[in-house]
Amino acid sequence: MSEDREQDQDGNRDEESRPSSAAARRSRRASGRSSARKGTGGDSKDATAPKGRPTPARDGRGERVSLFRRIGRFFREVVAELRKVIWPTRKQLLTYTAVVLVFVSIMVAFIAGLDLLFAQGVLQLFGN
């Protein structure tokens, strides 16, 4: 990426070699990634350079967080998730509510009819 920037700044960049479509850019990036993973591309010094200090272990031995901090974090995460929700418009909400009410009333009528039918069948079978 920095190589591209250097060429752009110098004005030596050939416009014909630039990928024109998103698919071409993705394939170019993928080919660059695969060669970097194999160790064929880039500087050999980068592969052996130290990466800094290690990531701390997450095995539960870390410092304990207070109850109030955990509750605060929980509510912050709830609010963050609620911001991601796509809320229905008023018209959609009324439509969905009507569909649910109609479906529930149809199911109640169906089950009530079956109950009445089975009750009559049991009375006929065992008699009164």
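Residues numbered from 1 in each chain as written. Predicted model: local features only at pLDDT ≥ 70, side-chain atom pairs only at ≥ 80, totals over all residues. Heavy atoms only, no water.

Asker: Help me get a handle on the overall build of the chain, residues and values and all.
Answerer: In terms of helices and strands, the chain carries five helices and zero strands. A buried classification covers 2% of the 128 residues belonging to the chain. Accessible area of the chain: about 12,900 Å², with a carbon and sulfur share of 58%. (Helix = DSSP H or I, 4+ residues; strand = E, 2+ residues; numbered from the N terminus. Buried < 20%, exposed > 50% of the residue type's maximum accessible area, 1.4 Å probe, protein only. Areas by Shrake-Rupley, 256 points an atom, 1.4 Å probe, with all protein chains shown as cover.)

Asker: An account of the pattern of salt bridges is requested, with residue identities and associated values reported.
Answerer: Taken as a whole and assessed by the stated rule, the structure comprises two salt bridges. Across the pair Arg-73 and Glu-77 runs a salt bridge, and its minimum N-O distance is 2.9 Å. On the criterion of helical spacing, the pair formed by Arg-73 and Glu-77 is a turn pair, its members being four residues apart in helix α4 (residues 67–84). For Glu-81, the salt bridge identified is with Lys-84, shortest N-O distance 3.1 Å. Here the residue Glu-81 and the residue Lys-84 both occupy positions in helix α4, the gap between them amounting to three residues, near one helical turn. Owing to a relative accessible area of 46%, Glu-81 belongs among the partly exposed residues under this scheme. What makes Lys-84 exposed here is its relative accessible area of 60%. (Salt bridge = Lys/Arg side-chain N within 4 Å of Asp/Glu carboxyl O.)

Asker: For helix α5 (residues 90–126), give the residues involved together with the corresponding values.
Answerer: Because the α-helix completes a turn every 3.6 residues, residues three or four places apart line up on one side. Over its 37 residues, α5 runs 54 Å from end to end, which matches the ideal 54 Å to within 8%, given 1.5 Å per residue. Trailing α5 by a residue or two, Gly-127 shows a phi angle of about 65°, which is positive. (Expected span 1.5 Å × (residues − 1).)

Asker: Talk me through a nonpolar patch on the surface; I want residue IDs and the actual numbers.
Answerer: A cluster of nonpolar side chains, contributed by Val-100, Val-102, Phe-103, Val-104, Ile-106, Met-107, Val-108, Phe-110, Ile-111, Leu-114, Leu-117 and Phe-118, occupies part of the molecular surface with about 1,200 Å² of accessible area. Along the chain, Leu-117 falls in helix α5. (Patch = residues over 30% accessible without salt bridge, like charges linked within 9 Å, V, L, I, M, F, W, Y side chains within 5 Å.)

Asker: Could you give an account of the packing of aromatic side chains, naming the residues involved and the relevant values?
Answerer: In the structure shown here, the tally under the stated rule is one aromatic pair. Summarising the aromatic geometry, the rings of Phe-74 and Phe-75 are spaced 5.4 Å apart at their centres and angled 65° between planes, so their arrangement reads as edge-to-face. Owing to a relative accessible area of 48%, Phe-74 belongs among the partly exposed residues under this scheme. (Phe/Tyr/Trp six-rings, centres within 6.5 Å; stacked < 30°, edge-to-face > 60°.)

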